[in-house]
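# Secondary and tertiary structure notes
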Amino acid sequence: MREAIGGTWLFQIVIFFILLFTGFMCLTINHSKAYGVKSEILEVIERYNGVDLSTDSSGSVVLEEIANILKHSSYRTTGKCPADVTSSKNKLEIVYQGYNREGKKDKTNPAFCLAEVKMGDKNGSDIPQQVQELPNMRYYRVVVFYQLDLPVFNELFMFSLTGDTKVMSVSR
């Protein structure tokens, strides 16, 4: 009887470590996919020197190319965009726009989120002199998602990955 109970405990410990290892591998693979997609999105935005966030993919070459990247990749995760940030001290405003895999705006279940961050305006007194002289300087923030997804338990945890483009001059 003692041998049977010991074998059961050993079997449960082995199953636990197999699930732990599988979860770690799933998390690593999903993180790698999300990181690759984030890098490609940032590269496209920098190549076209910005993106017009007021249009859907039908009016923007950048969003069409990003949608094409998502269609040809194995990235399928969706999430929720971070809360918008408004800081009167730094004159910073970050408003996120969610987009689905087709490049259309989607607030409920976006595949990625974009925000255009303006470096400052001409009237800001606490803004550095270099930024006051170049009011059209801005960068873009991209948020993509990945999750811990075990085959039996499905989605357990949701994570996000954030990246910024270089600062660029936009003529809008």
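For the structure given in this document, a descriptive report is provided here. (Residues numbered from 1 in each chain as written. Predicted model: local features only at pLDDT ≥ 70, side-chain atom pairs only at ≥ 80, totals over all residues. Heavy atoms only, no water.)

A word on the overall build of the protein chain. Of regular secondary structure, the protein chain possesses three helices and seven strands. Its helices and strands in sequence order give the protein chain the pattern α-α-β-β-β-β-α-β-β-β, from N to C terminus. Considering the protein chain as a whole, with its 172 residues, one finds that 37% of them fall into the buried category. Nonlocal contacts in the protein chain, meaning residues at least 24 apart in sequence, comprise 60% of its contacts between residues at least 6 apart. Split by element, the accessible area of the protein chain, about 10700 Å² in all, is 57% carbon and sulfur. (Helix = DSSP H or I, 4+ residues; strand = E, 2+ residues; numbered from the N terminus. Buried < 20%, exposed > 50% of the residue type's maximum accessible area, 1.4 Å probe, protein only. Contact = heavy atoms within 4.5 Å. Areas by Shrake-Rupley, 256 points an atom, 1.4 Å probe, with all protein chains shown as cover.)

Take the side chain of arginine 101 next. Of note, arginine 101 is situated in the loop between strand S3 (96-99) and strand S4 (112-118). For the buried arginine 101, no salt bridge exists, and the shortest N-O distance to an oppositely charged side chain is 5.4 Å, to glutamate 102. Polar contacts involving the side chain of arginine 101 include one to the main-chain carbonyl oxygen of leucine 70, which spans 2.7 Å. Among the polar contacts made by the side chain of arginine 101, one reaches the main-chain carbonyl oxygen of tyrosine 75 at a distance of 2.3 Å. (Lys, Arg positive; Asp, Glu negative; His and termini not counted. Salt bridge = Lys/Arg side-chain N within 4 Å of Asp/Glu carboxyl O. Polar contact = N/O pair within 3.5 Å; in protein donor to acceptor, adjacent residues only side chain to side chain.)

Following the criterion strictly, the structure yields one disulfide and no others. The disulfide bridge from cysteine 81 ends at cysteine 113, spanning 1.9 Å between sulfur atoms. Here the disulfide of cysteine 81 and cysteine 113 is left-handed, its torsion about the S-S bond being about -95°. Separated by 32 residues along the polypeptide, cysteine 81 in the loop between helix H2 (61-71) and strand S1 (85-87) and cysteine 113 in strand S4 bring together distant segments of the chain. (Disulfide = S-S within 2.5 Å.)

Counted under the stated rule, the structure contains three aromatic pairs. Centre to centre, the rings of phenylalanine 16 and phenylalanine 17 are 5.4 Å apart; their planes meet at 70°, and the pair counts as edge-to-face. Ring plane angle 20° and centroid distance 5.6 Å describe the contact between tyrosine 99 and phenylalanine 112, whose orientation is recorded as stacked. With tyrosine 99 in strand S3 and phenylalanine 112 in strand S4, this residue pair connects regions lying 13 residues apart in the sequence. The class of tyrosine 99 is buried, set by a relative accessible area of 0%. (Phe/Tyr/Trp six-rings, centres within 6.5 Å; stacked < 30°, edge-to-face > 60°.)

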